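Now for the letters of each chain:
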Amino acid sequence: QVQLVESGGGLVQPGGSLRLSCAASRINFSIYAMAWHRQAPGKQRELVASITSKGNTDYAQSVKGRFTISRDNAKNTVYLRMNRLNAEDTTVYYCNGYFFSVATGRTDYWGQGTQVTVSS
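Residues numbered from 1 in each chain as written. Predicted model: local features only at pLDDT ≥ 70, side-chain atom pairs only at ≥ 80, totals over all residues. Heavy atoms only, no water.

**Student:** Help me understand the sheet that holds strand β3 (residues 18–25), please; the structure alone is not making it clear to me.
**Tutor:** Working definition: the strands of a sheet are paired by backbone hydrogen bonds and lie parallel or antiparallel to each other. Here we have four strands laid out as an open sheet, ordered β1-β3-β8-β7, and antiparallel in their pairing. The open sheet terminates on both sides in strands that have one partner only, identified here as β1 (3–7) and β7 (67–72). Averaged over neighbouring strand pairs, the angle between their axes works out to 15 degrees when direction is ignored. Relative to strand β8 (residues 77–82), β3 is paired through six bridges, and the arrangement is antiparallel. The partner of cysteine 22 across the bridge, within β8, is valine 78. (Pairing = 2+ DSSP bridges. Helix = DSSP H or I, 4+ residues; strand = E, 2+ residues; numbered from the N terminus. Axes fitted to C-alpha atoms, helices over the stretch in contact; angles between N-to-C directions.)

What follows is the structure, given as structure tokens:
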């Protein structure tokens with residue numbers, strides 16, 4: 001069974017930094033695009049950042065210039081470096097792996113989420 005396991009969340013002061021990690025297992029990681037989403041209570045899930053299998057990245061406007069997504073295919077891990085955090089970044093962050101196939105369409109896998117709290 002495919003597993004995506006996030007780590008690195010926690011409590012940080014405004015202006016601080018965190019690095020989230022998502023380790024994938026039982027998956028051909030290198031062919032999957034990976035993404036980080038977040039969802040605050042009562043709100044829709046928001047795509048924060050994504051990285052294709054070739055390493056092309058994209059970011060939500062709200063995090064552009066502050067967050068950096070990267071991947072290490074040798075470690076089957078995707079990272080989200082978050083700098084200059086503010087209270088609006090407080091929420092649960094989810095790792096997502098997805099792959100498109102002509103035969104099967106889109107396949108998605110999700111992690112269980114990791115809480116990020118920005119507070120003084």
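**Student:** Explain the nonpolar core to me, please; I cannot follow it from the model alone.
**Tutor:** Core analysis: the largest hydrophobic core is formed by 27 residues, its most contacted members being Met34, Trp36, Val78, Leu80, Met82 and Tyr93. Contributing elements (two or more residues each) for this core: β3, β4 (33–39), β5 (46–51), β7, β8, β9 (91–101) and β11 (114–118). (Core = buried A, V, L, I, M, F, W, Y, C linked by side-chain atoms within 4.5 Å. Buried < 20%, exposed > 50% of the residue type's maximum accessible area, 1.4 Å probe, protein only.)

**Student:** How should I be thinking about the pairing of β8 in this particular structure?
**Tutor:** When a strand is regular, its side chains alternate between the sheet's two faces. The element β8 is extensively covered by neighbouring structure, given that five of its six residues are classed as buried. Summarising the sheet, β7 and β8 pair through six bridges and their orientation is antiparallel. Counterpart to aspartate 72 in the pairing with β8 is threonine 77. The turn linking β7 back onto β8 is made up of four residues, and asparagine 76 within it adopts a positive phi angle of 50 degrees.

**Student:** What is the right way to look at the pattern of salt bridges in this model?
**Tutor:** A pair can form between side chains of opposite charge whenever their charged atoms are brought close. Per the counting criterion, the structure on display carries four salt bridges. Close ionic contact of arginine 38 with glutamate 46 constitutes a salt bridge, the shortest N to O distance being 2.8 Å. For arginine 106, the salt bridge is made with aspartate 108, and the minimal N-O distance between the two is 2.7 Å. Given the relative accessible area of 42%, arginine 106 is considered partly exposed. Aspartate 108 sits in the partly exposed class, given a relative accessible area of 31%. Three or more residues are tied together by salt bridges with common partners; here these are Arg38, Glu46, Arg66 and Asp89. (Salt bridge = Lys/Arg side-chain N within 4 Å of Asp/Glu carboxyl O.)

**Student:** I would appreciate a short explanation of the side chain of asparagine 96 in the present structure.
**Tutor:** Residue position: asparagine 96 is located in strand β9. Here asparagine 96 falls in the buried class, since its relative accessible area comes to 1%. Here aspartate 108 takes part through its side chain, which lies 3.0 Å from a polar atom of the side chain of asparagine 96. A polar atom in the side chain of asparagine 96 sits 3.1 Å from the backbone oxygen of tyrosine 109. The contacts of asparagine 96, once residues within four sequence positions are left out, are Leu4, Ala33, Met34, Ala35, His37, Arg106, Asp108, Tyr109 and Trp110. (Polar contact = N/O pair within 3.5 Å; in protein donor to acceptor, adjacent residues only side chain to side chain. Contact = heavy atoms within 4.5 Å.)

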